[in-house]
Amino acid sequence: MNIKKQILLLLAMFGLVAYINASHNEFLNLYPDCEDNETSKIYEPNEWPKNLQLPVFPDGGDIEFIRYIYDNVDYPEVIDSITTDDKGNKIKHRAKGTVLVHLTIDRCGKAVNPVVQESVNEKYDAAAIELLSTLPMFKPGVLDGIRVKVGLLVPVPFTRSNPKKKNSWGGGWGDDDDSGDDGWGSSSSDDDGWGSSSSSSSSSSSSSSSSSSSSKKTTKKKESSGWGGGWGDDTVW
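The following paragraphs examine the structure supplied in this document.

Analysis parameters
- Residues numbered from 1 in each chain as written.
- Predicted model: local features only at pLDDT ≥ 70, side-chain atom pairs only at ≥ 80, totals over all residues.
- Heavy atoms only, no water.
- Phe/Tyr/Trp six-rings, centres within 6.5 Å; stacked < 30°, edge-to-face > 60°.
- Helix = DSSP H or I, 4+ residues; strand = E, 2+ residues; numbered from the N terminus.
- Lys NZ or Arg CZ within 6 Å of the ring centre and 35° of its normal.
- Salt bridge = Lys/Arg side-chain N within 4 Å of Asp/Glu carboxyl O.
- Buried < 20%, exposed > 50% of the residue type's maximum accessible area, 1.4 Å probe, protein only.

## Observations concerning the packing of aromatic side chains
Here is step 1: For the structure shown, the criterion picks out six aromatic pairs.
Here is step 2: Where Y75 meets F158, the ring centres are 5.8 Å apart and the plane angle is 75°; that geometry is what we call edge-to-face. Taken together, the residues span a long stretch of sequence, with Y75 in the loop between α3 (61–72) and β2 (79–84) and F158 in strand β7 (residues 146–158) at a distance of 83 residues.
Here is step 3: Joined through ring pairs, the aromatic side chains of F57, F65, Y68 and F138 make up one cluster.
Here is step 4: Above the face of the Y43 ring, K41 is positioned so that its terminal group lies 5.1 Å from the ring centre.

Structure below.
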């Protein structure tokens, strides 16, 4: 079973009622009046200690974080190509790609300092930064009983075609019949849309319109979370 099917299965197991009632305020008052103004070490994805308890997204952890990103990301109008269907109707296709963003969860549980690590185009980059600049409060990471700052690599995918209208529970999952796009940031069967990127004529660095596939390198799997580790596989970007 590939990663996308695994994610969809997990979503179903969580249940629609839990999703509808998610307020993302679970950790809002966990540390009232907390301010993390002191300089301290940030534990980055390539140096997470084995006993590090990673930050937790409210109301569902990693799976809810995926849903939050998918349902709240803004889609700027960036057209990659225009095709014609069998009836002669013109179909606009959005640019596709995955913006990879580094951010830090501080010792109060706040997501701070989002920075684009892998760009798609300026508009998508800006949309990803805007989304990740207003995240709800996490449960902060803990090492040896002490709260610590933890760096995360967060993929924000943008589908090739116009995003589907959300159904009654806000999911919007499924295949896009117009373009063959699976709704997870790529029409390529070997791209899971969550951190691995494929070439696109519209993908770019922050100042250009060309893209390159991100190279992967093997690292040790972190069992407690996928953030920064390739969503459950053993790769990082």
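## Concerning the pattern of salt bridges
Here is step 1: What the rule picks out here adds up to five salt bridges.
Here is step 2: Residues R107 and D36 are paired through a salt bridge, measuring 2.5 Å at the closest nitrogen-oxygen approach. Of this pair, R107 sits in the loop between β4 (97–105) and β5 (111–118) while D36 sits in the loop between α2 (16–20) and β1 (42–43), and the two are 71 residues apart along the sequence.
Here is step 3: Owing to a relative accessible area of 16%, D36 belongs among the buried residues under this scheme.
Here is step 4: We note a salt bridge from D36 to K149, for which the minimum N-O separation is 3.9 Å. A residue pair is termed long-range when its members are at least 10 positions apart, and D36 in the loop between α2 and β1 and K149 in strand β7 qualify at 113 residues. The pair formed by D36 and K149 is uniform in burial state, with each residue classed as buried.
Here is step 5: Salt bridges here are not isolated pairs; linked through shared partners, they connect D36, R107 and K149.

Coordinates in, geometry out; function isn't part of it.
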